[in-house]
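Examining the three-dimensional arrangement
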Amino acid sequence: MKTRIEIVQGDITKQNVDAIANAANTTLLGGGGVDGAIHRAAGPELLDECRTLHGCRTGEAKLTKGYRLPAKYVLHTPGPVWHGGRNGEAELLKSCYVNCLRLASEHGCKTVAFPSISTGVYHFPLDKASAIAIGAIAEYLEAHPEIELVRMVCFDARTKEYYDEALTDWEKNA
Ligand code: ADP
């Protein structure tokens, strides 16, 4: 099956899509990694709006405007911290992707970009995280034709290799 998933190496803050996801933390008040990069690129108005949201639970998602970003919206989702894999990490990571995509559909977005949620300072193993992400996105897309494209934006070459492989595996088994 041909999916509407694209894997690229790049910077999520530069993506010209309707919505980008942010691997946030539960405070939604900014942090390091991709979260810091998104806040820097969007400008201080993003933090002002985030302050009105009163945080977000792990695996859930909240939407803000994109401000100075090329993207119209930011989908903030706190990914799970990896604690060995027996603490619901896989289900929570899947819900991050699904809940972001649901919000995107509700707001009329056709194109969405994701960073590799939880595989930075949250230490989710890349082989598992990439398979979960691709599975969740592909299943969602099969049921939701309104989303035309999901782009996985990998910051480094090693991360991209894992997502490329996960997509190839998914397409083989679909
Ligand atoms: P988490 O806390 O969910 O693990 P991190 O921000 O630490 O989030 O890392 C998630 C992924 O985002 C990592 O692969 C990291 O290299 C990547 N990343 C960092 N900055 C950017 C960026 N500007 N665009 C895309 N991905 C980024």
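See the structure above.
To continue, consider the packing of helix α1 (residues 33-42) against helix α2 (residues 44-51). The contact between α1 and α2 brings their axes to 5 Å, and the two run at 115°. In terms of their interaxial angle, α1 and α2 are classed as roughly perpendicular. In this structure, α1 contributes Ile38, His39 and Ala42 to the contact, and α2 contributes Glu45, Leu46, Leu47 and Cys50. Its residues placed into classes, the contact of α1 with α2 shows five nonpolar, one polar and one charged.

What follows deals with helix α5 (residues 157-173). The end-to-end C-alpha separation of α5 is 25 Å, in line with the 24 Å expected for 17 residues at 1.5 Å each. Residues of α5 that are buried include every one of Thr159, Tyr163, Ala166 and Leu167, and no others. End-on view of α5: buried residues confined to an arc of 100°, all on one side of the axis. Across from the buried face of α5, at angles greater than 90 degrees, the exposed residues are Arg158, Glu161, Glu165 and Lys172. Residues of α5 that are buried sit in contact with β1 (5-9), α3 (89-106), α4 (126-143) and β6 (149-154). N-cap assignment for α5: the residue whose side-chain oxygen lies 3.3 Å from the backbone N of Arg158 is Asp156.

Here the focus is the layout of surface pockets. A volume near 580 Å³ is recorded for the largest pocket. As for the largest pocket, its lining consists of 27 residues, and the residues nearest its centre are Ala23, Gly33, Val34, Ser116 and Gly120. Residue assignment for the lining of the largest pocket shows that the elements contributing at least two residues are β2 (19-24), α1 and β6. Here the lining of the largest pocket is built from residues that sort into twelve nonpolar, twelve polar and three charged.

With that out of the way, let us pick up the nonpolar core. Generally speaking, soluble globular proteins have nonpolar side chains that are buried together. The biggest cluster of nonpolar side chains holds 38 residues, and the ones touching the most others in it are Leu75, Tyr97, Phe114, Ile137 and Tyr163. Listing elements by their share of this core, those giving two or more residues are β1, β2, β4 (73-78), α3, β5 (111-114), α4, β6 and α5. For this core, the element with the most residues is α4, which contributes ten residues. Excluding its chain neighbours within four sequence positions, the residues that come into contact with Phe114 are Ile12, Ala21, Tyr97, Cys100, Leu101, Ile137, Val150, Arg151, Met152 and Val153. One finds Val17, Leu28, Ala42 and Val153 within the second-largest nonpolar core, a separate group that totals 16 residues.

If you walk through the whole model with that rule in mind, you get eight salt bridges. We note a salt bridge from Glu45 to Arg68, for which the minimum N-O separation is 3.5 Å. Of this pair, Glu45 sits in helix α2 while Arg68 sits in the loop between β3 (62-65) and β4; the two residues are 23 residues apart in sequence, bridging distant segments of the chain. Its relative accessible area of 56% is what places Arg68 among the exposed residues. Glu139 is the salt-bridge partner of Lys94, the closest N and O atoms lying 3.5 Å from each other. Taken together, the residues span a long stretch of sequence, with Lys94 in helix α3 and Glu139 in helix α4 at a distance of 45 residues. Using a relative accessible area of 41% as the deciding quantity, one classes Glu139 as partly exposed.

Our focus in this paragraph is unusual backbone geometry. For His54, which is not glycine, the phi dihedral falls at a positive 55°. Relative to the assigned elements, His54 resides in the loop between α2 and β3. With a phi angle near 60°, His123 is a residue other than glycine that sits in the positive phi range. Taking the relative accessible area as the measure of exposure, His123 reaches 57% and is therefore exposed.

Conventions we followed
Residues numbered from 1 in each chain as written. Predicted model: local features only at pLDDT ≥ 70, side-chain atom pairs only at ≥ 80, totals over all residues. Heavy atoms only, no water. Axes fitted to C-alpha atoms, helices over the stretch in contact; angles between N-to-C directions. Helix = DSSP H or I, 4+ residues; strand = E, 2+ residues; numbered from the N terminus. Parallel < 35°, antiparallel > 145°, perpendicular 65-115°, else oblique. Contact = heavy atoms within 4.5 Å. Nonpolar A, V, L, I, M, F, W, Y, C, P; charged D, E, K, R; others polar. Expected span 1.5 Å × (residues − 1). Buried < 20%, exposed > 50% of the residue type's maximum accessible area, 1.4 Å probe, protein only. Arc of directions from axis to C-beta. Polar contact = N/O pair within 3.5 Å; in protein donor to acceptor, adjacent residues only side chain to side chain. 1 Å grid on protein atoms, 1.4 Å probe; cavity = no way out; pocket = protein on both sides within 12 Å on 5 of 7 lines; lining within 4 Å. Points joined across faces, edges and corners; volume = space filled by probe spheres on them. Core = buried A, V, L, I, M, F, W, Y, C linked by side-chain atoms within 4.5 Å. Salt bridge = Lys/Arg side-chain N within 4 Å of Asp/Glu carboxyl O.

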